[in-house]
Amino acid sequence: MKLRKLKKTDYLMIAANLVPVYGVWFLGWHPLDAFIAYALETLLVGGMTVLKLLIATFYKKKDTWYNGEQKQEVSGLFFILFFMVHFGIFVGVQMAIFSGVAGVVPDGKSSLYFLTHFPTFLTGDVRIMLSALLLGYLAQDILPFVLNNEYKDTPMIKIMFQPYGRIFVQQFTVILGSMFLMLGGQMIFVLVFALIKIFFELLVNYRAMLDSTVLDMQKEAKTKV
């Protein structure tokens, strides 16, 4: 597991992740709302990724798509559509599991009810938590992407797959955490799983692992051409 050093913007993201903990511990927010906010964070991350792909597409127009030993230049719109379908399926499965475990789906409704009706779960407290997370992502991810000109030289296939590692861990902790909420000690579990989420999302260097994967893809394509 590769770890990384924290940047200044990471501390804002840490604070954003602790807003739900503060709300539950000191403001009387419902613990389940904290996990609903963490679950809906997946949609924020997906939206941020689409935004980054749009920015890169506006600048590059096209980029290289790798498929095993083959590579070809495709429109940035292809990356966006592929991501939306692929990530959408991923989110649908994760949300269905979370909503079933957390018991937030009304009787007689499908397992996708939470995802298709998520605006109904946006209570005032959930909105505050998501707003804090949104500000964290803007400072940590979007602004550096634009200001440091990362959109010019970052492969679009890398941008597309950047959120998967941390989102998988995030959803795993959210689902597991919502299970533990049923056992009592809800305030403690909100804190514990927030800390676990922060560790895996901010300290594990997913980008370095993705860099290595993309490099392997490029090498394979070159040797097979």
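So, here is what we can say about the structure in this document.

Scoring rules and cut-offs
Residues numbered from 1 in each chain as written. Predicted model: local features only at pLDDT ≥ 70, side-chain atom pairs only at ≥ 80, totals over all residues. Heavy atoms only, no water. Helix = DSSP H or I, 4+ residues; strand = E, 2+ residues; numbered from the N terminus. Buried < 20%, exposed > 50% of the residue type's maximum accessible area, 1.4 Å probe, protein only. Lys, Arg positive; Asp, Glu negative; His and termini not counted. Salt bridge = Lys/Arg side-chain N within 4 Å of Asp/Glu carboxyl O. Contact = heavy atoms within 4.5 Å. Pairing = 2+ DSSP bridges. Axes fitted to C-alpha atoms, helices over the stretch in contact; angles between N-to-C directions. Parallel < 35°, antiparallel > 145°, perpendicular 65-115°, else oblique. Left-handed = near helix turned anticlockwise from the far one by under 90°. Nonpolar A, V, L, I, M, F, W, Y, C, P; charged D, E, K, R; others polar. Phe/Tyr/Trp six-rings, centres within 6.5 Å; stacked < 30°, edge-to-face > 60°. Patch = residues over 30% accessible without salt bridge, like charges linked within 9 Å, V, L, I, M, F, W, Y side chains within 5 Å. Areas by Shrake-Rupley, 256 points an atom, 1.4 Å probe, with all protein chains shown as cover.

1. Details of the side chain of Asp33
Inference 1: Relative to the assigned elements, Asp33 resides in helix 2 (residues 31-60).
Inference 2: Of the buried charged residues, Asp33 lacks a salt bridge, with Arg127 as the closest side chain of opposite charge at 11 Å.
Inference 3: Setting aside anything within four residues of it in sequence, one finds Asp33 in contact with Thr123, Asp125, Val126 and Met129.

2. Thoughts on the pairing of strand 2 (residues 70-75)
Inference 1: Summarising the sheet, strand 1 (residues 62-67) and strand 2 pair through six bridges and their orientation is antiparallel. Bridged to Tyr66 within strand 2 is Lys71.
Inference 2: As consecutive antiparallel partners, strand 1 and strand 2 are separated by two residues, and within that stretch Gly68 has a phi angle of approximately 65°, a positive value.

3. Topic: the packing of helix 3 (residues 76-102) against helix 8 (residues 164-181)
Inference 1: Packing of helix 3 against helix 8 leaves a shortest axis separation of 8 Å and a crossing angle of 15°. One element, helix 3, and the other, helix 8, form an angle in the roughly parallel class. Judged by the twist between their axes, the crossing of helix 3 over helix 8 is right-handed. Contacts between helix 3 and helix 8 involve Phe83, His86, Phe87, Phe90, Gln94, Ile97, Phe98, Val101 and Ala102 on the former and, on the latter, Tyr164, Ile167, Phe168, Gln171, Val174, Ile175, Ser178 and Met179.
Inference 2: Tallied by class, residues from the contact of helix 3 with helix 8 come to 13 nonpolar, four polar and no charged.

4. As for the packing of aromatic side chains
Inference 1: For the coordinates displayed, the defined rule picks out 21 aromatic pairs.
Inference 2: Ring geometry for Phe83 against Phe87: centres 4.8 Å apart, planes inclined by 15°, an arrangement best described as stacked. Of this pair, Phe83 and Phe87 both sit in helix 3, four residues apart, which is roughly one turn of the helix.
Inference 3: Each ring, one from Phe199 and one from Phe200, has its centre 5.1 Å from the other, and the planes form 85°; the classification is edge-to-face.

5. A look at the side chain of Gln162
Inference 1: Following the sequence through the fold, Gln162 ends up in the loop between helix 7 (156-161) and helix 8.
Inference 2: A relative accessible area of 12% places Gln162 in the buried class.
Inference 3: Aside from chain neighbours lying at most four places away, what touches Gln162 is Lys52, Thr154, Arg207 and Leu210.

6. Describing a nonpolar patch on the surface
Inference 1: A contiguous nonpolar patch, built from Tyr22, Trp25, Phe26, Leu27, Met187, Ile188 and Val192 and spanning about 690 Å² of accessible area, is present on the exposed surface.
Inference 2: Looking at the nonpolar patch, the elements with two or more residues in it are helix 1 (8-26) and helix 9 (186-203).
Inference 3: On the basis of relative accessible area, Leu27 is assigned to the partly exposed category, the value being 48%.

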